[in-house]
Amino acid sequence: MTDHTSAYDGLLGDDSAQWAFGQDFEDPLAGVDTTLAAGVDGAALAAYCLMLGDDALVHSHRLSQWASNAPDLEEDIALANIALDLLGQARLLLARAAAADPSVVPALPAGSPVPPEDALAFFRDDADFRNVRLVEGENGDFAVTTARLLLFSTHRLALLERLRDSVDPVLAAIAAKGVKEVAYHRDHAARWCVTLARGTEESRRRMRAGLDVVWPLHHELFRTHPVEATAAEQGFGVDPAGLAADVDVLLEQVLSVGGLDRPTVPPTGPLGRGAGRDGRHTEALGRMLAEMQVVARAHPTGRW
Amino acid sequence: MSGAPQGEWPLYEVFVRGKRGLNHVHVGSLHAADDRMAVHNARDVYTRRNEGVSIWVVRADAITASSPDEKDPLFAPAGDKVYRHPTFYDIPDDVPHM
Amino acid sequence: MTTAPAQAEEASFEATLARHDRIEPRDWMPERYRATLVRQIAQHAHSEIIGMQPEGAWITRAPSLRRKAILLAKVQDEAGHGLYLYSACETLGVSRQELTEKLIEGKQKYSSIFNYPTLSYADVGTIGWLVDGAAICNQVPLCRTSYGPYGRAMIRVCKEESFHQRQGFELLATMMRGTDAQRAMVQESVDRFWWPALMMFGPPDADSSHTAQSMAWGIKRDTNDELRQKFVDMTVPQARALGVTLPDPDLVWNDEKGGHDFTQPDWAEFRDVVSGSGPCNAQRVAHRRRAHEDGAWVREAASAFARRQQQEPQQQEAVS
């Protein structure tokens, strides 16, 4: 098996080169040197990895909800592939966060075999999640999902392309692998966006409405959070404000091929003085996590 | 004429070259609205986006096929379809076990 | 009315079967052979697609990132299997849309096992171990089925199915090494799925209306009872290795027959589930119907877009 998204590879213990760090499921960073580069603050690196990891985890979760619900079998399979890619990125990023600063990992009962990346995914409350609000909303119809994937993947591709030069070798390798995946996600979303925009009257109406749903939360991706500022300063991360212009050009291209006007809906404001990166989320995240974490939390010393 | 009911995406046949030096071989079929979507879907369905493989897609109704046995005069040329019976069959309603 | 050419075609068909060679889509075949194949392949495809639901329900609750990935990949494989099988069916002149409509109108069936609910995460493991294990027993012989496209689809399906069984067994084995609560969860799940798993091979041979003809045509290669016996014999040592008890006190090795004696499942319950009164029949079909209907506007949009591209291939500007 050389499927680079096959989640079963780990069951066979085959040697496989397609994973950034092998595919040993027991420890995603097994054998990887996680020593911090000079000038990199572990706590800042961990906080930054949580942001990128939570974006991937939460968006993956939403996409996975399309399984058995997509418009056709081919699309069911495509969305699952994208969700699997993002889940893989999330796993590596959360593991990197835990290795960079073990204090971010929630405490579990003594003797719990739950690995740190799972403790981060399943035992943090919503206020500790650092994803942008864009990725956490309910799926809505296929147009909303398409619009969200377009905005998210365009941003993430621009980000990962730059992150390949991170001074943290682990982050750089995660980014290098992710670039290939996310380029595909962006292409998928852009093609559907144009198809729906130029399909039928109904699909065009829905595509516009879908863009209006997600557009107000788009801006948050480019607002520099103090953690991101530190990440850029120390050379392990990227200041997202610097991505806005490039991303905008690409989105404009897709909109124009689709004959779509740029949405004019106003941006969603912060909550108090914070937003997703500060743990200030929409109501949807709490509900999502209640479902996502229910089994894991019922068995804090369980083995899976 | 695709033989597909109205609204259904046409059927495509998918051919994949697993690695350099090999022929493209038929791996299966899928539905897509157009050629580009067919290549894209083929990558997701049949190669899981394994890089380096080459994919051909062709609409099933664009394939001209020989008849099963051209030498036998009893078999009039069966036409130009990949499948000889592009009609729809009523399936009996009583379908017990599986 | 049988004409001379028709007789020659039939003789050629029979000769191909007698050689254990494959029938291919453009070959002549008796109508009833075709109808039987359509019925069986469609049921099989529907089973894969409906089978996405009971496990898919746990993707959002998978208790570790690793399990989430494995489960999502598995449910994705099932979509792929359905797709391969619908394609095989399409070589017989039936479209996927037609088949989907028959499914959601209740005119075609799917495996009755999927009309049972999944009530705990252990069910994900049990489905992999017992249900996919039973499916493998059913399916491996089908790789040699007489109809070429079906056999080729099955080869692909069986390869992936062995991963599915393996992941199920591995999940249960891991849980059995966990807490008491997890072990109890596994046992409860096995207790619930054992009988429906035995039903997956279909009614006893004496009551099976299709077996004889299907075997003569080489569509089926083993009888229901033979496959059921094989499954039980294969499963008993696996259960021992896991440390779970199969819920049949009369399950014992019989030296004379070289296999296990075991209690038959409740065939009255099987008939009820097949005829629509299972715990989840309505829910499964409603889910499929909703997904199909919700997706209609997307499929139509893509068709409309493709037509437009064909008509105006050069045109790139806006259309509004």
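Residues numbered from 1 in each chain as written. Chains lettered and ligands numbered in written order. Predicted model: local features only at pLDDT ≥ 70, side-chain atom pairs only at ≥ 80, totals over all residues. Heavy atoms only, no water.

A count of helical and extended segments in chain C gives 13 helices and 2 strands. Taking 320 residues into account, the globule formula puts the C-alpha radius of gyration at 20 Å, and chain C, at 22 Å, falls close to it. Seen through its principal axes, chain C has C-alpha atoms that stretch 65 × 60 × 35 Å. When each of the 320 residues of chain C is scored for burial, the buried share is 62%. Here the analysis covers contacts within chain C between residues at least 6 apart in sequence; of these, 78% occur between residues at least 24 apart. Counting every atom, chain C has about 11,900 Å² of accessible surface; 52% of that belongs to carbon and sulfur. (Helix = DSSP H or I, 4+ residues; strand = E, 2+ residues; numbered from the N terminus. Rg over C-alpha atoms; globule rule 2.2 N^0.38 Å. Buried < 20%, exposed > 50% of the residue type's maximum accessible area, 1.4 Å probe, protein only. Contact = heavy atoms within 4.5 Å. Areas by Shrake-Rupley, 256 points an atom, 1.4 Å probe, with all protein chains shown as cover.)

Our focus in this paragraph is the overall build of chain A. Of regular secondary structure, chain A possesses 10 helices and 0 strands. Secondary structure of chain A in N-to-C order comes out as α-α-α-α-α-α-α-α-α-α. Overall, the C-alpha framework of chain A stretches about 60 × 40 × 35 Å when taken along its three principal axes. Here chain A holds 304 residues, and 61% of them are scored as buried. Excluding contacts between residues fewer than 6 apart, the proportion of contacts in chain A whose partners are at least 24 apart in sequence is 75%.

With that settled, the discussion passes to unusual backbone geometry. A positive phi angle, near 70°, is found at A:Ser68, a position not held by glycine. With a phi close to 55°, C:His20 is a non-glycine residue in the positive phi region. Within the secondary structure, C:His20 sits in the loop between α1 (4-18) and α2 (31-50).

Each strand in a sheet pairs with its neighbour through backbone hydrogen bonds, running either in the same direction (parallel) or in the opposite one (antiparallel). Residue and element names in this part refer to chain B. With respect to topology, 3 strands assemble into an open sheet ordered β2-β1-β3, the strand pairing being antiparallel. Every other strand in the sheet has two partners, leaving β2 (25-31) and β3 (54-59) as the edge strands with one partner each. Within this sheet the neighbouring strands show an average axis-to-axis angle of 30°, counted without direction. When strand β1 (residues 11-17) meets β3, the two strands line up antiparallel, connected through 6 bridges. Bridging across to β3, arginine 17 finds its partner in serine 54. (Pairing = 2+ DSSP bridges. Axes fitted to C-alpha atoms, helices over the stretch in contact; angles between N-to-C directions.)

Another aspect to go through is the nonpolar core. Of all hydrophobic cores here, the largest spans 201 residues; its most connected members are A:Tyr48 and C:Phe231. Broken down by element, the residue count for this core peaks at 17 residues, all from helix α3 (residues 73-100) of chain A. What A:Tyr48 contacts, discounting residues up to four positions off in sequence, is A:Leu159, A:Leu163, A:Leu171, A:Val227, A:Glu228, A:Ala231, A:Phe236, A:Gly237 and A:Val238. (Core = buried A, V, L, I, M, F, W, Y, C linked by side-chain atoms within 4.5 Å.)

A word on the interface of chain C and chain A. Facing the 65 residues of chain C at the interface are 59 residues of chain A. Between chain C and chain A, a total of about 5,300 Å² is buried, with carbon and sulfur atoms accounting for 69% of that surface. Considering only the side of chain C, the residues that lose the most area to chain A are C:Leu65, C:Phe163 and C:Trp297, jointly responsible for 16% of the buried surface there. Inspection of the chain C/chain A interface yields 15 residue pairs in polar contact (both at pLDDT 80 or more). Only α3 (52-56), α4 (65-90), α7 (148-176), α8 (180-199), α12 (281-294) and α13 (296-311) of chain C provide two or more residues apiece to the side of chain C that touches chain A. Tallying contributions element by element places α4(C) first for the side of chain C that touches chain A, with 17 residues. Looking at the side of chain C that touches chain A residue by residue, the class counts come to 30 nonpolar, 18 polar and 17 charged. (Buried area = accessible area lost by both parts, 1.4 Å probe. Polar contact = N/O pair within 3.5 Å; in protein donor to acceptor, adjacent residues only side chain to side chain. Nonpolar A, V, L, I, M, F, W, Y, C, P; charged D, E, K, R; others polar.)

Quick look at the packing of aromatic side chains now. Overall, the coordinates contain 14 aromatic pairs over all chains when judged by the stated rule. Their ring planes at 80° and their centres at 6.0 Å tell us that C:Trp58 and C:Tyr121 sit as a pair that is edge-to-face. With C:Trp58 in the loop between α3 and α4 and C:Tyr121 in the loop between α5 (96-104) and α6 (122-139), this residue pair connects regions lying 63 residues apart in the sequence. Like C:Tyr121, C:Trp58 is buried. On the numbers, 5.3 Å between centres and 45° between planes, the contact of C:Phe201 with C:Phe231 is tilted. Here C:Phe231 lies in helix α10 (residues 224-242) and C:Phe201 lies in the loop between α8 and α9 (211-216), a separation of 30 residues in the sequence. This pair shows no difference in class: C:Phe201 is buried, exactly as C:Phe231 is. Taken together, the ring pairs in this structure connect A:Trp66, A:Phe142, A:Trp192 and B:Trp9 into an aromatic cluster. Its end group placed over the ring of A:Phe129, A:Arg124 keeps NZ or CZ at 4.2 Å from the ring centre. One residue, C:Arg156, lies across the ring of C:Tyr84, its end atom 5.3 Å from the ring centre. (Phe/Tyr/Trp six-rings, centres within 6.5 Å; stacked < 30°, edge-to-face > 60°. Lys NZ or Arg CZ within 6 Å of the ring centre and 35° of its normal.)

So, about the pairing of β1(B). All names here are of chain B. Most of β1 sits out of view: 5 of its 7 residues are buried. Bridge count between β1 and β2: 6 bridges; the pairing is antiparallel. Within β2, the residue paired with valine 14 across the bridge is glycine 28.

The next subject is the confidence of the model for chain C. Of the residues in chain C, 96% reach a pLDDT of 70 or more, and the chain-wide mean stands at 91. Predicted complex, confidence summary: ipTM 0.92, pTM 0.90. (pLDDT = per-residue confidence, 0-100.)

Attention now moves to the confidence of the model for chain A. Residue and element names in this part refer to chain A. Across chain A, the average pLDDT comes to 91, with 91% of residues at 70 or higher. Considering only residues more than four positions removed or in separate chains, one finds that residues 1-5, a stretch of pLDDT under 50, has 17 contacts. Considering only residues more than four positions removed or in separate chains, one finds that residues 10-24, a stretch of pLDDT under 50, has 36 contacts.

Residues and elements named next belong to chain B. For helix α1 (residues 35-46), with 12 residues, the first-to-last C-alpha span of 16 Å sits near the 16 Å given by 1.5 Å per residue. Among all positions of α1, only Met37, Ala38, His40, Asn41, Ala42, Asp44, Val45 and Tyr46 are buried. With a side-chain oxygen positioned 3.3 Å from the backbone nitrogen of arginine 36, the residue opening α1 is aspartate 34. One or two residues past the end of α1 sits arginine 48, with phi positive at roughly 45°. (Expected span 1.5 Å × (residues − 1).)

Okay, the side chain of C:Thr126 next. Residue and element names in this part refer to chain C. Summarising the element assignment, threonine 126 is placed in helix α6. Reaching out from threonine 126, the side chain makes a polar contact with the side chain of serine 189 at a distance of 2.6 Å. Residues within four places of threonine 126 in sequence aside, it is in contact with Val131, Leu172, Ser189, Val190 and Phe193.

Along the polypeptide, C:Met52 turns up in helix α3. Here C:Met52 falls in the buried class, since its relative accessible area comes to 2%. Residues C:Met52 and C:Lys74 lie 22 residues apart in sequence; the distance between their C-alpha atoms is 8.7 Å. When near neighbours in sequence (up to four residues on either side) are disregarded, C:Met52 contacts A:Ser68, A:Asp76, C:Val75, C:Glu78 and C:Ala79.

Turning our attention to the packing of α6(C) against α8(C). Residue and element names in this part refer to chain C. Across the interface, α6 lies against α8 with an axial gap of 9 Å and an inter-helix angle of 30°. Classified by the angle their axes make, α6 and α8 are roughly parallel. In this structure, α6 crosses over α8, and the sense of that crossing is right-handed. Every residue of α8 that contacts α6 at Ala122, Asp123, Thr126, Ile127, Trp129, Leu130, Val131 and Ala134 is listed here: Met185, Val186, Ser189, Val190, Arg192, Phe193, Trp194 and Ala197. Residue composition of the contact of α6 with α8, grouped by class: 12 nonpolar, 2 polar and 2 charged. (Parallel < 35°, antiparallel > 145°, perpendicular 65-115°, else oblique. Left-handed = near helix turned anticlockwise from the far one by under 90°.)

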